[in-house]
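Residue-level structure breakdown
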Amino acid sequence: MEQRDIEIFLTLAEELHFGRTAERLHVSTARVSQSIAKWERRVGVPLFERSSRRVALTPVGRQLHQDIGPAYQQILAGIERAVTAGRDIRGLLRVGFFSAAGGRLVVEVADAFRARYPDCEVRIRELQFSDGIGPLLFAGQLDMLLSVTGEPGLTASPVLFRERCLLAVSARHRLADRDSVALADMLALIGAGKGVFPFPEQATRYYQRPDVTFVPIRDAPPFEWMFLWRRGNGTARVRAFTQTAKDMLSALPPTPEISRPTKIIRGDVEPRTSQPR
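The rules behind the values
- Residues numbered from 1 in each chain as written.
- Predicted model: local features only at pLDDT ≥ 70, side-chain atom pairs only at ≥ 80, totals over all residues.
- Heavy atoms only, no water.
- Axes fitted to C-alpha atoms, helices over the stretch in contact; angles between N-to-C directions.
- Helix = DSSP H or I, 4+ residues; strand = E, 2+ residues; numbered from the N terminus.
- Parallel < 35°, antiparallel > 145°, perpendicular 65-115°, else oblique.
- Contact = heavy atoms within 4.5 Å.
- Polar contact = N/O pair within 3.5 Å; in protein donor to acceptor, adjacent residues only side chain to side chain.
- Buried < 20%, exposed > 50% of the residue type's maximum accessible area, 1.4 Å probe, protein only.
- Nonpolar A, V, L, I, M, F, W, Y, C, P; charged D, E, K, R; others polar.
- Salt bridge = Lys/Arg side-chain N within 4 Å of Asp/Glu carboxyl O.
- Phe/Tyr/Trp six-rings, centres within 6.5 Å; stacked < 30°, edge-to-face > 60°.
- Arc of directions from axis to C-beta.
- Patch = residues over 30% accessible without salt bridge, like charges linked within 9 Å, V, L, I, M, F, W, Y side chains within 5 Å.
- Areas by Shrake-Rupley, 256 points an atom, 1.4 Å probe, with all protein chains shown as cover.

1. Overview of the packing of helix H2 (residues 18-25) against helix H3 (residues 29-43)
For the pair H2 and H3, the least separation of the axes is 8 Å and the interaxial angle reads 105°. The angle between the axes of H2 and H3 places the two elements in the roughly perpendicular class. Seen from H2, the contacting residues are Phe18, Gly19, Thr21 and Ala22; seen from H3, they are Thr29, Val32 and Ser33.

Set out below in structure tokens:
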């Protein structure tokens, strides 16, 4: 049976009048009659006693009404709760991030979000790189995640901001004194079995070591930061948090790391005036 047929039966069982049932459901009386006939063919016995003066439930019709009426109301209530949860910006929003730089952004956005939507709690969780996206994609422990890369099965927000890509090398390495390097230099190090790691430029503020130098990779694409969430889970809370981040970032001056070239040495940021070597 289709949902409309269930609605027609339950409404007629309450109204006991074909005309009022049709008016209440905005259908024709012929549609009501057709639906009840469909029910009675399915059940095999009459559900209503009809005469020119009255309509009444038969014993089977009364039992059917008692059986499916409460269950149908529960279904409608469940659907309404789901719709409300998807539209309302309240309840709990769980946001994850990987690095200290990402954590600072998420905390600042969460503060702005709470000011806008005080009925919505934001719970922040730092992930380890070894966790991957499992807590978001499989375990369902997060609603959204700040990341620099998309993943299959996930929806990505528009790019929030971009950062230059830096190469982390030993301060004693021959590349440490360069103003910039190329991707080919990085590949050569990997091929030689020497450890290197690409970093987003902002992260150098949080991972300073005297024995590590960060050198811009001049021909590498920038890191693109975005929020990820499971497909079908783009609730009003998720969209509102993303919009809050976009509004907050658009109100800030251009990111220095993106707007001007810099040389990063042992975690310190210095303006660069010389040409790349």
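2. Details of the side chain of glutamate 7
Within the secondary structure, glutamate 7 is located in helix H1 (residues 3-15). Only 2.8 Å separates the side chain of glutamate 7 from the side chain of arginine 4, close enough to count as a polar contact. Beyond its immediate sequence surroundings of up to four residues, glutamate 7 is in contact with Leu25 and Tyr72.

3. Points about the environment of isoleucine 89
Within the secondary structure, isoleucine 89 sits in the loop between helix H4 (59-87) and strand E3 (91-97). Isoleucine 89 sits 29 residues away from proline 118 along the chain, and the two C-alpha atoms are 9.1 Å apart. For isoleucine 89, the residues in contact, after removing those within four places along its chain, are Phe113, Tyr117, Asp119, Cys120, Ala236, Arg237 and Ala240.

4. Examining the environment of glycine 102
Mapped onto the secondary structure, glycine 102 falls in helix H5 (residues 100-116). In this structure glycine 102 comes out as buried when scored by relative accessible area, which is 2%. Between the C-alpha atoms of glycine 102 and valine 148, which are 46 residues apart in sequence, the distance is 9.6 Å.

5. Focus on the packing of H1 against H3
Running from N to C, H1 and H3 point in directions that differ by 100°, and their axes come no closer than 9 Å. By the criterion of interaxial angle, the relationship of H1 to H3 is roughly perpendicular. Seen from H1, the contacting residues are Arg4, Asp5, Ile6, Ile8, Phe9 and Leu12; seen from H3, they are Arg31, Val32, Ser35, Ile36, Lys38 and Trp39. Residue composition of the contact of H1 with H3, by class: seven nonpolar, one polar and four charged.

6. Examining the pattern of salt bridges
Scanning the entire structure with this criterion turns up 13 salt bridges. Between arginine 24 and glutamate 15 there is a salt bridge; the shortest N-O distance is 3.0 Å. Given a relative accessible area of 23%, glutamate 15 falls into the partly exposed group. Salt-bridge contacts for arginine 104 lead to glutamate 108; the nearest nitrogen and oxygen are separated by 3.3 Å. Note that arginine 104 and glutamate 108 are positioned in helix H5 at a spacing of four residues, about one turn of the helix. In this structure arginine 104 comes out as partly exposed when scored by relative accessible area, which is 44%. Its relative accessible area of 34% is what places glutamate 108 among the partly exposed residues. Salt bridges sharing common partners tie together Glu14, Glu15, Arg20 and Arg24.

7. Notes on the packing of aromatic side chains
Inspection of the entire model under this criterion finds six aromatic pairs. With 5.7 Å between their ring centres and 65° between their planes, phenylalanine 9 and phenylalanine 48 make a pair best called edge-to-face. One end of the pair, phenylalanine 9, is in helix H1; the other, phenylalanine 48, is in strand E1 (residues 48-50), and 39 residues separate them in sequence. Linked through ring pairs, Phe113, Tyr117, Phe227 and Phe241 together constitute an aromatic cluster.

8. A short note on H2
Every buried residue of H2 is listed here: Phe18, Thr21, Ala22 and Leu25. Along H2, the residues classed as buried sweep out an arc of 95° about the axis, all on the same side. Turning to H2, the residues buried within the fold contact H1, H3, E1 and strand E2 (55-57). Looking one or two residues past H2, histidine 26 carries a phi angle of roughly 60°, positive in sign.

9. Structural notes on a nonpolar patch on the surface
On the surface, a nonpolar cluster with roughly 300 Å² of combined accessible area is contributed by Ile75, Leu76, Ile79 and Val83. Here isoleucine 75 shows up in helix H4. Exposure remark for isoleucine 75: the relative accessible area of 49% places this residue in the partly exposed category.

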